Amino acid sequence: MKKIAIILVLAGVILATLAQYAYSNDWMWFRIFHTLGFIGYIFIISGLAYFSLWLIHQLSRDEKNRIKRYYQQHREKEA
């Protein structure tokens, strides 16, 4: 899934860059490239959202393990 997200982000950057280039050089088919640029922005946002959620998941899993170890240490001290 990470590879797909990276590919989406890179494709989005390429499409958005191409759209800006088409806009600045007044290409004939600007509307098509403008639409592709919008799709590129969606790809970028989707890929970054995936990595944000993955990071939050990793942090919550690490915190969950830390809490579990904390309570296990206190149970051993009580016994």
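Scroll up to find the structure.
These remarks concern the structure in this document.

What counts, and where the lines are drawn
Residues numbered from 1 in each chain as written. Predicted model: local features only at pLDDT ≥ 70, side-chain atom pairs only at ≥ 80, totals over all residues. Heavy atoms only, no water. Helix = DSSP H or I, 4+ residues; strand = E, 2+ residues; numbered from the N terminus. Rg over C-alpha atoms; globule rule 2.2 N^0.38 Å. Contact = heavy atoms within 4.5 Å. Lys, Arg positive; Asp, Glu negative; His and termini not counted. Charge placed at Lys NZ, Arg CZ, Asp CG, Glu CD. Expected span 1.5 Å × (residues − 1). Buried < 20%, exposed > 50% of the residue type's maximum accessible area, 1.4 Å probe, protein only. Phe/Tyr/Trp six-rings, centres within 6.5 Å; stacked < 30°, edge-to-face > 60°. Patch = residues over 30% accessible without salt bridge, like charges linked within 9 Å, V, L, I, M, F, W, Y side chains within 5 Å. Areas by Shrake-Rupley, 256 points an atom, 1.4 Å probe, with all protein chains shown as cover. Salt bridge = Lys/Arg side-chain N within 4 Å of Asp/Glu carboxyl O.

1. Details of the overall build of the protein
Okay, step 1: Within the protein, the secondary structure is distributed over two helices and zero strands.
Okay, step 2: A globule of 79 residues ought to have a C-alpha radius of gyration of about 12 Å, yet the protein, at 22 Å, is considerably larger.
Okay, step 3: If one aligns the C-alpha atoms of the protein with their principal axes, the spans along those axes are about 80 × 20 × 15 Å.
Okay, step 4: Sequence-distant contacts, at least 24 apart, represent 61% of the contacts inside the protein between residues at least 6 apart.
Okay, step 5: In the protein, 10 side chains carry a positive charge and 5 a negative one; their mean positions are 6 Å apart.

2. A word on helix α1 (residues 2-24)
Okay, step 1: In a regular helix each residue adds 1.5 Å, so 23 residues correspond to 33 Å; α1 covers 33 Å between its end C-alpha atoms and thus fits that length.
Okay, step 2: Every buried residue of α1 is accounted for by Ala5, Val9, Gly12, Leu15, Ala16, Ala19 and Ala22.
Okay, step 3: The positive-phi residue at the C-terminal boundary of α1 is aspartate 26, with phi of around 50 degrees.

3. Thoughts on the packing of aromatic side chains
Okay, step 1: Considering all chains together, one arrives at four aromatic pairs under this definition.
Okay, step 2: Ring geometry for tyrosine 21 against tryptophan 27: centres 5.3 Å apart, planes inclined by 80 degrees, an arrangement best described as edge-to-face.
Okay, step 3: Residue classification places tyrosine 21 among the partly exposed residues on the basis of a relative accessible area of 46%.
Okay, step 4: Taking the centre distance of 5.1 Å and the plane angle of 75 degrees together, the rings of tryptophan 27 and phenylalanine 33 count as edge-to-face.
Okay, step 5: Taken together, the ring pairs connect Tyr21, Trp27 and Phe33 into an aromatic cluster.

4. What about unusual backbone geometry?
Okay, step 1: Notably, aspartate 26 is not glycine yet its phi reads approximately 50 degrees, a positive angle.
Okay, step 2: Mapped onto the secondary structure, aspartate 26 falls in the loop between α1 and α2 (30-78).

5. With respect to a nonpolar patch on the surface
Okay, step 1: A surface patch of nonpolar side chains, about 750 Å² in accessible area, is lined by Met28, Trp29, Ile32, Leu36, Phe38, Ile39 and Ile42.
Okay, step 2: In this fold, methionine 28 is placed in the loop between α1 and α2.
Okay, step 3: Looking at methionine 28, the relative accessible area reads 76%, which means it is exposed.

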